[in-house]
Amino acid sequence: MTRRLLLSYLGLTLLVLLCLEIPLGFVYAQFEQERVVNAAKDEAEAVSAYASLSIDAGRAAEDLQPQAVKCAQRLGGHVLIVDQSGAVMATSHQVSPDESGNLAAQPGIAAALKANSASDVRTSVIGGVEYIAVSAPVTHGVEKLGAVRLTVPTQTVVNRVQHFWLLLLVGGLAVLTAFAVVAFAIARWTGRPIRELELATYELADGGTARPVAITKGPPEVRSLAATFNRTAARLEHLLASQRAFAGEASHQLKTPLAALRLRLENLESDIALNARGSLTAAMTETDRLARMVEGLLAMARLDESAGERERVDVDRVCAERHRAWTPLYEQHGVRLALAGDYAGPVLAVPGAVEQILDNLLSNALRVSPPGSTVLIDLRRPAPHERRFAHAFPHPRMAGQGRVELHVMDEGPGMTEEQRRRAFDRFWRAPDAPKGGTGLGLALVQRLAHAGGGEAVLRPAPTGGLDAVVHLPCVPNPNRVGTPFSEHRPPRPLEATR
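Quantities reported herein were computed from a predicted structural model and do not represent experimental measurements.

Caption draft 1: Structural detail: the nonpolar core. Counting 45 residues, the largest nonpolar core has Tyr330 and Val470 as its most contacted members. The biggest single contributor to this core is helix H9 (residues 353–368), with eight residues. Those residues in contact with tyrosine 330 that lie beyond four places of it in its chain are Val335, Arg336, Leu337, Leu362, Ala365, Leu366 and Val375. Counting 25 residues, the second-largest nonpolar core is a separate cluster that includes Val47, Ala51, Ile132 and Val138.

Following this line, the structure appears as structure tokens:
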């Protein structure tokens, strides 16, 4: 922010300097040119008056030549005096024979010989040097006696104008430098507290806690914002601490009575009449369901504590471990559990998230899978052309980053489009869902995926059941960008059990 403010201040200052100095430079150049022309006109008229007096007194031969030389030396130019026929009467410089024979036809002298008192100003080039030429008639009353041509080189004017432009440039740079120092101090004064607020916001987003921001620096609006942020951060930290304390206390206060209740119900089984055994079994089932619901709620509460802490996870190893752990239970229900797909490599996820995601998805898949069916765990790395659509994922950390797709596909009854849309809502269960569920499993899966920077979606499976897809961000690899991992390693062999 400091850099942007400084650039804005300097850009505005530079624009003001340009709007002031450029017109000033052109005005000065025009003024210098007019000053030199007016001085040359005045000098030409003075020489013309002197020549008129000298001719009238009959002293032209003695007086005009020294006067022409003196005037030329004073101006740094040339002075030429001719009579009515164009013959040279006096000159401050050498005139070639060709030029002296054609003086009366030259535009400036010809205009002066025809005029009575007007001056003629022209720009001419003599010997590669540009001159301002001023011609004036020499008259005595109404009688025309000749003409005076005075030429002044424009290089003096050019040098003065260039010197003035250089002064404007140096002055502008000095003003810009001085203003840059002041602007930098103002930008630092304005931007430093905002930068501290930004860093504190990152700390609050990553860890849930943030150090207090100083409220004695910067503009009043920034100080007010810092004070509000400090109050918000303190309140949020208090709420998170209360939530962590609640999760820890509830874990003990809720799970222990439920376990005791389950034990008492089991002890009553031998003392209950046969016709009441069904009610006892239903009570034990509901107790188990309540215990699972409490465990799911506590898992969600604990998730908020580590939502900003992502770590590197070997998703291939996790999938293989959960496959081995769930295989015996699947065998008891007569369902086949298979593991296939590409070697995905490491992904980013919160600690323990991938294990919990797989456990919930595999538990749901087993609950809806009929005996003899197959549940498939499939890992995929999308092809490079598919990664161009990363903007379709709502989580901002997935943008521009490679991803791994974790699929759990079953051959159960599946869900309608409306049911798949609502399946991630807390406590929502499909109307035909098997008994024993809590409605928290998929909600926890979605929360875990979002916490790691990914996304979870439900799709129809090719086999007619449900395809639960979890997108997980890959660990950035600077040595290989945009290349599927499966191009370097062979596909995973199909592992299945019945």
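Caption draft 2: Geometry of the packing of helix H1 (residues 2–56) against helix H2 (residues 60–75). Running from amino to carboxyl end, H1 crosses H2 at an angle of 170 degrees, the nearest separation of the two axes being 9 Å. Between H1 and H2, the angle falls in the class roughly antiparallel. Together, Glu43, Val47, Tyr50, Ala51, Ser54 and Ile55 of H1 and Ala60, Asp63, Leu64, Gln67, Cys71, Arg74 and Leu75 of H2 make up the contact between the two elements. Among the residues forming the contact of H1 with H2, the class breakdown is eight nonpolar, two polar and three charged.

Caption draft 3: Representation of the packing of aromatic side chains within the structure. Here the structure, examined in full by the defined rule, presents three aromatic pairs. Centroid distance phenylalanine 26 to tryptophan 165: 5.6 Å. Interplanar angle 80 degrees. Geometry classified as edge-to-face. Of the two residues, phenylalanine 26 is situated in helix H1 and tryptophan 165 in helix H5 (residues 155–207); the sequence distance between them amounts to 139 residues. Centroid distance tyrosine 28 to phenylalanine 164: 4.0 Å. Interplanar angle 20 degrees. Geometry classified as stacked. With tyrosine 28 in helix H1 and phenylalanine 164 in helix H5, the pair connects residues that are 136 residues apart, well separated along the chain. Residue phenylalanine 164 is classed as buried on the basis of its relative accessible area of 18%.

Thresholds applied
- Residues numbered from 1 in each chain as written.
- Predicted model: local features only at pLDDT ≥ 70, side-chain atom pairs only at ≥ 80, totals over all residues.
- Heavy atoms only, no water.
- Core = buried A, V, L, I, M, F, W, Y, C linked by side-chain atoms within 4.5 Å.
- Buried < 20%, exposed > 50% of the residue type's maximum accessible area, 1.4 Å probe, protein only.
- Helix = DSSP H or I, 4+ residues; strand = E, 2+ residues; numbered from the N terminus.
- Contact = heavy atoms within 4.5 Å.
- Axes fitted to C-alpha atoms, helices over the stretch in contact; angles between N-to-C directions.
- Parallel < 35°, antiparallel > 145°, perpendicular 65-115°, else oblique.
- Nonpolar A, V, L, I, M, F, W, Y, C, P; charged D, E, K, R; others polar.
- Phe/Tyr/Trp six-rings, centres within 6.5 Å; stacked < 30°, edge-to-face > 60°.

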